[in-house]
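Here are the chains, one letter per residue:
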Amino acid sequence: MTKRGLRLAPSLLSADFAALGAAVREAEVAGADAFHLDVMDGHFVPNITFGPSLVAAVRRHTRLPLDVHLMIEDPERYFEAFARAGGSTLVFHVEARADPRRLLELGRALGVTVGAAIRPETPVDRVWPWLDRLDQVMVMGVNPGFSGQKFLPGTLPKLHAVRERLSEHGLSTDLSIDGGITTETALESARAGATFFVCGNSVYGQGTVAENLAALRAAVQRGAQDAVR
Ligand code: DX5
Ligand code: ZN
């Protein structure tokens, strides 16, 4: 487990875009640790969402960290705009057209933390060269583009592999899981070493946000206990 513990980040992609302020408040009151914002450009993924102005609007409603997931071809071009909009962690994809070294330098200069996400078909060793400089490694549990998809088999071994590597190197980097999280897959992901859980449909889908977050919290705590046994 990292020094920062286990954290739940509701993904606003599953919230009502016409009532985002209320969705943020509801989850914050219910104990969310951060918010996850999915930026999609219609090229890197087959969907289009929003840009920096929406991140800035969410920033006006909360002081919690904003985890900005950049599913875009050219993250370098937009890093500064998302940092200025109030993003806390900027997560780029290792498959995007960008030089991770440059993004890490840029992130440092802009005062944000930087994460790297990997698609389901990308081998985890793509992040090894940057591991000691990244603040977050985000393993995707689904093909990026849409919320509400099913968690893919093959995700848990990747989480295990990253956790093992982080432990070997004594790194407290966040290990994040994004996509397909339910109470069951949250538990399994925590067992596999995840510490940061992006939850879209499992928070904003059925039922109440407070009950959903409580159930997810219980699941990840159980999973993390199993992991240290
Ligand atoms: C998928 C996004 C996810 C999405 C997760 O491309 O990166 O963050 O919002 O939604 P769920 O939890 O419903 O799979
Ligand atoms: Zn995401």
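Since the structure is predicted, the reported quantities are computational estimates derived from the model, not experimental observations.

(A) Geometry of the coordination of the zinc ion (ligand 2). Donor atoms from the polypeptide that coordinate the zinc ion (ligand 2) comprise H36 (NE2), D38 (OD), H69 (ND1) and D178 (OD), at 2.0 to 2.2 Å from the metal. Relative to the metal, the 6 donor atoms surrounding the zinc ion (ligand 2) lie at angles of 73 to 171°, and the coordination shape comes out octahedral. Between the donor residues of the zinc ion (ligand 2), the gaps in sequence give the motif H-x1-D-x30-H-x108-D. Here H36 matches D38 in class, with each residue buried.

(B) Molecular detail of the packing of helix α6 (residues 183-191) against helix α8 (residues 209-228). It is the contact of α6 with α8, at a shortest axis distance of 7 Å, that shows an interaxial angle of 30°. The orientation of α6 with respect to α8, classified from their angle, is roughly parallel. Crossing hand, α6 versus α8: right-handed. Of α8, the residues touching α6 (which contributes T183, A186, L187, A190 and R191) are A215, L216, A219, V220, R222, G223, A224, D226 and A227. Tallied by class, the residues present in the contact of α6 with α8 amount to 9 nonpolar, 2 polar and 3 charged.

(C) Region of the structure containing the sheet that holds strand β4 (residues 89-93). In spatial order, the strands read β1-β8-β7-β6-β5-β4-β3-β2; together these 8 strands make up an open sheet with parallel pairing. The open sheet is flanked by β1 (7-10) and β2 (35-40), the only strands paired with a single partner. Across the sheet, the axes of successive neighbouring strands diverge by a mean angle of 25°, strand direction being ignored. Relative to strand β3 (residues 66-71), helix α2 (residues 52-59) is tilted by about 170°, and along the sheet it contacts β2 and β3.

(D) Layout of the packing of aromatic side chains. For the structure shown, the criterion picks out 1 aromatic pair. With a centroid separation of 6.0 Å and 65° between ring planes, the pair formed by F17 and F50 is classed as edge-to-face. Of the two residues, F17 is situated in the loop between β1 and α1 (20-29) and F50 in the loop between β2 and α2; the sequence distance between them amounts to 33 residues. For F17, a relative accessible area of 40% gives the class partly exposed. Accessibility expressed as a relative area gives 12% for F50, which makes it buried.

(E) Representation of the side chain of S176. Take S176: it is sitting in strand β7 (residues 174-178). Given a relative accessible area of 0%, S176 falls into the buried group. A polar contact is formed between the side chain of S176 and the side chain of Q136, at a distance of 3.4 Å.

(F) Structural view of the pattern of salt bridges. A full pass over the atoms with the stated rule returns 8 salt bridges. Residue R102 is joined to E105 by a salt bridge in which the shortest nitrogen-to-oxygen separation is 3.7 Å. With R102 and E105 both in helix α4 (residues 100-110) and 3 residues apart, the pair spans about one turn of that helix. A relative accessible area of 33% places R102 in the partly exposed class. With a relative accessible area of 38%, E105 lands in the partly exposed category. When the shortest N-O distance is used, the salt bridge between D226 and R191 registers 2.6 Å. Within this pair, whereas D226 is found in helix α8, its partner R191 is found in helix α6, the two being separated by 35 residues in sequence. Bridged by salt links that share partners, the residues E76, R102 and E105 form one connected network.

What counts and how
Residues numbered from 1 in each chain as written. Chains lettered and ligands numbered in written order. Predicted model: local features only at pLDDT ≥ 70, side-chain atom pairs only at ≥ 80, totals over all residues. Heavy atoms only, no water. Donors = N, O, S within 2.8 Å, 3.2 Å for Na, K, Ca; no water. Tetrahedral: all angles 85-135°; square planar, octahedral: opposite > 155°, others 65-115°. Buried < 20%, exposed > 50% of the residue type's maximum accessible area, 1.4 Å probe, protein only. Axes fitted to C-alpha atoms, helices over the stretch in contact; angles between N-to-C directions. Helix = DSSP H or I, 4+ residues; strand = E, 2+ residues; numbered from the N terminus. Parallel < 35°, antiparallel > 145°, perpendicular 65-115°, else oblique. Left-handed = near helix turned anticlockwise from the far one by under 90°. Contact = heavy atoms within 4.5 Å. Nonpolar A, V, L, I, M, F, W, Y, C, P; charged D, E, K, R; others polar. Pairing = 2+ DSSP bridges. Phe/Tyr/Trp six-rings, centres within 6.5 Å; stacked < 30°, edge-to-face > 60°. Polar contact = N/O pair within 3.5 Å; in protein donor to acceptor, adjacent residues only side chain to side chain. Salt bridge = Lys/Arg side-chain N within 4 Å of Asp/Glu carboxyl O.

All we've got here are geometric facts, nothing functional implied.
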